[in-house]
Amino acid sequence: KAGVTQTPRYLIKTRGQQVTLSCSPISGHRSVSWYQQTPGQGLQFLFEYFSETQRNKGNFPGRFSGRQFSNSRSEMNVSTLELGDSALYLCASSLSGQLNTEAFFGQGTRLTVV
Amino acid sequence: DQQVKQNSPSLSVQEGRISILNCDYTNSMFDYFLWYKKYPAEGPTFLISISSIKDKNEDGRFTVFLNKSAKHLSLHIVPSQPGDSAVYFCAASGMTGTASKLTFGTGTRLQVTL
């Protein structure tokens, strides 16, 4: 069974540009969450999508947005990139996102903003 | 504010000995806790979890202890093996959220030496 796939693995962008990251969850999983990992901050929750609807949202500015398609694949978009957006962006999928269910992570997309 | 804290950024343990990783939380609404392990260039992998109705959960070499009154949990690895060398993240969720909205600590890097 294929795991969570994130593309691209690495990305370099310039300040002010926008970027789109992609996440394909495990087949049959309907919940997709996004996290940002920076040194010293751990993983910080961005948002969660379930059945094409944003169900939960973290404390990030509106420049960070996402969407989910009918096949559960999700994209995350960051507009007007800032140097501080450089981070590892991780996507996690789970069957339903309910408590006591396990979330499986992808390998992440390493975004560098220069 | 950091609602889940891992105050030890790193830990070194000899092979065969016990590794104890600690985690403290401040939000009393958290009632489900998880540990994830992360190798470089890979996404976090689920290790073990515990619900607040329990004070201990064991899975092979891994045991998680929860002290609700102290808002503290710990992960014990016995015996430690070189392959356990990784960054360990403690995570929490609450009844008002879902398992897809996890609050993570900043991680503890465990090094198991020969």
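Everything below is about the structure shown above.
**Here we look at the interface of chain B and chain A**
Logical step 1: Contact with chain B, which involves 21 residues of that partner, is made by 26 residues of chain A.
Logical step 2: When chain B packs against chain A, close to 1,900 Å² is buried across both sides, 57% of that on carbon and sulfur atoms.
Logical step 3: Viewed at the interface, chain A and chain B are joined by 0 salt bridges.
Logical step 4: Its residues assigned to classes, the side of chain B that touches chain A shows 10 nonpolar, 8 polar and 3 charged.

**Re the pattern of salt bridges**
Residue and element names in this part refer to chain A.
Logical step 1: By the definition in use, this model includes 7 salt bridges over all chains.
Logical step 2: Two residues, arginine 63 and aspartate 85, come together in a salt bridge whose shortest N-O distance is 2.8 Å. A residue pair is termed long-range when its members are at least 10 positions apart, and arginine 63 in the loop between strand E6 (53-57) and strand E7 (64-68) and aspartate 85 in the loop between strand E8 (74-78) and strand E9 (87-94) qualify at 22 residues. Accessibility classification places arginine 63 together with aspartate 85 in one group, the buried group.
Logical step 3: Within the structure, one salt-bridge network assembled from shared partners comprises Arg63, Glu82 and Asp85.

**What about the sheet that holds strand E1 (residues 4-5) of chain B?**
Logical step 1: With respect to topology, 5 strands assemble into an open sheet ordered E1-E3-E8-E7-E6 (chain B), the strand pairing being antiparallel. The open sheet has two edge strands with one neighbour each: E1 and strand E6 (56-59) of chain B.

**Points about the sheet that holds strand E1 (residues 5-7) of chain A**
Hydrogen bonds between backbone atoms are what pair the strands of a sheet, whose relative direction is either parallel or antiparallel.
Residue and element names in this part refer to chain A.
Logical step 1: The 4 strands are arranged E1-E3-E8-E7 in an open sheet whose pairing can be described as antiparallel. With one partner strand each, in any of the chains shown, E1 and E7 form the two edges of the open sheet. Taken over all neighbouring pairs, the strand axes of this sheet differ in orientation by 20° on average, direction set aside.
Logical step 2: Taken together, the 5 bridges between strand E3 (residues 19-24) and E8 define a ladder with antiparallel strand orientation. Across the sheet, threonine 20 pairs through a bridge with asparagine 77, a residue of E8.

**Some remarks on the nonpolar core**
Logical step 1: Core analysis: the biggest nonpolar cluster contains 23 residues, and B:Phe33, B:Trp35, B:Leu73, B:Leu75 and B:Tyr88 have the highest contact counts within it.
Logical step 2: Among the secondary structure elements, those contributing two or more residues to this core are strand E3 (19-25), strand E4 (30-38), strand E5 (45-51), strand E7 (62-67), strand E8 (72-77), strand E9 (86-94) and strand E11 (108-113) of chain B.
Logical step 3: It is E9(B) that contributes the most residues to this core, 4 residues altogether.
Logical step 4: When near neighbours in sequence (up to four residues on either side) are disregarded, B:Leu73 contacts B:Leu21, B:Asn22, B:Cys23, B:Tyr25, B:Phe33, B:Trp35, B:Val64, B:Phe65, B:Leu66 and B:Cys90.
Logical step 5: Ranked by size, the runner-up nonpolar core spans 21 residues in total, among them A:Tyr49, A:Met76, A:Tyr89 and A:Leu111.

**Description of unusual backbone geometry**
Logical step 1: Cis geometry is adopted by the peptide bond preceding A:Pro8, which originates at A:Thr7 and carries an omega value of -10°.
Logical step 2: Note on placement: A:Pro8 falls in the loop between E1 and strand E2 (10-13).
Logical step 3: A cis geometry characterises the amide bond from B:Val78 onward to B:Pro79, with omega recorded as -10°.
Logical step 4: Examined against the element boundaries, B:Pro79 turns out to sit in the loop between E8 and E9.
Logical step 5: The phi dihedral of A:Glu52 is positive, around 70°, even though this residue is not glycine.

**Details of the state of the cysteines**
Logical step 1: Going through the model one piece at a time under the given rule, you end up with 2 disulfides over all chains.
Logical step 2: Between the sulfur atoms of A:Cys23 and its disulfide partner A:Cys91 the distance amounts to 1.7 Å. Taken as a pair, A:Cys23 in strand E3 and A:Cys91 in strand E9 lie far apart in primary sequence, 68 residues in all. Side by side, A:Cys23 and A:Cys91 carry an identical accessibility label, which is buried.
Logical step 3: For B:Cys23, the disulfide goes to B:Cys90, at an S-S distance of 2.0 Å. Between B:Cys23 and B:Cys90 the sulfur-sulfur dihedral comes to about -70°; the bridge is accordingly left-handed. Linking B:Cys23 in strand E3 with B:Cys90 in strand E9, this pair joins segments that are 67 residues apart in sequence. With respect to burial, B:Cys23 and B:Cys90 carry one shared label: buried.

Rules of the game
- For every chain, the first residue of its written sequence is number 1, and the numbers climb from 1 along that sequence.
- Whichever chain is written first becomes A and whichever ligand is written first becomes 1, with later ones labelled in order.
- Confidence filtering applies because this is a predicted model: local features only for residues at pLDDT of at least 70, side-chain atom pairs given and counted only at 80 or more, and all residues used for totals across whole chains, interfaces and linings.
- As a rule here, side-chain values cover all heavy atoms of the structure and leave hydrogens and water aside.
- Here, residues are in contact when the closest pair of their heavy atoms is within 4.5 Å.
- When two parts are put together, the accessible area they lose, computed with a 1.4 Å probe and summed over both, is reported as buried area.
- The salt bridge criterion pairs a side-chain nitrogen of Lys or Arg with a carboxyl oxygen of Asp or Glu, the two atoms within 4 Å.
- Basically, the charged four are Asp, Glu, Lys and Arg, the nonpolar ten are Ala, Val, Leu, Ile, Met, Phe, Trp, Tyr, Cys and Pro, and anything else, Gly included, counts as polar.
- Only DSSP runs of H or I with at least four residues qualify as helices, and only runs of E with at least two residues qualify as strands; both kinds are numbered from the N terminus onward.
- For each residue, the accessible area found with a 1.4 Å probe, counting protein chains only, is set against the maximum for its type, and the residue is called buried under 20%, exposed over 50%, and partly exposed in between.
- In this description, strands pair whenever DSSP reports at least two bridges between them.
- For helices, the axis comes from a line fit to the C-alpha atoms of the stretch in contact; other axes are also lines fit to C-alpha atoms, and the angle between any two N-to-C directions lies between 0 and 180 degrees.
- Take the buried Ala, Val, Leu, Ile, Met, Phe, Trp, Tyr and Cys residues and link them wherever side-chain atoms come within 4.5 Å; each set so joined is a nonpolar core.
- Throughout, disulfides are identified as pairs of cysteine sulfur atoms within 2.5 Å of each other.

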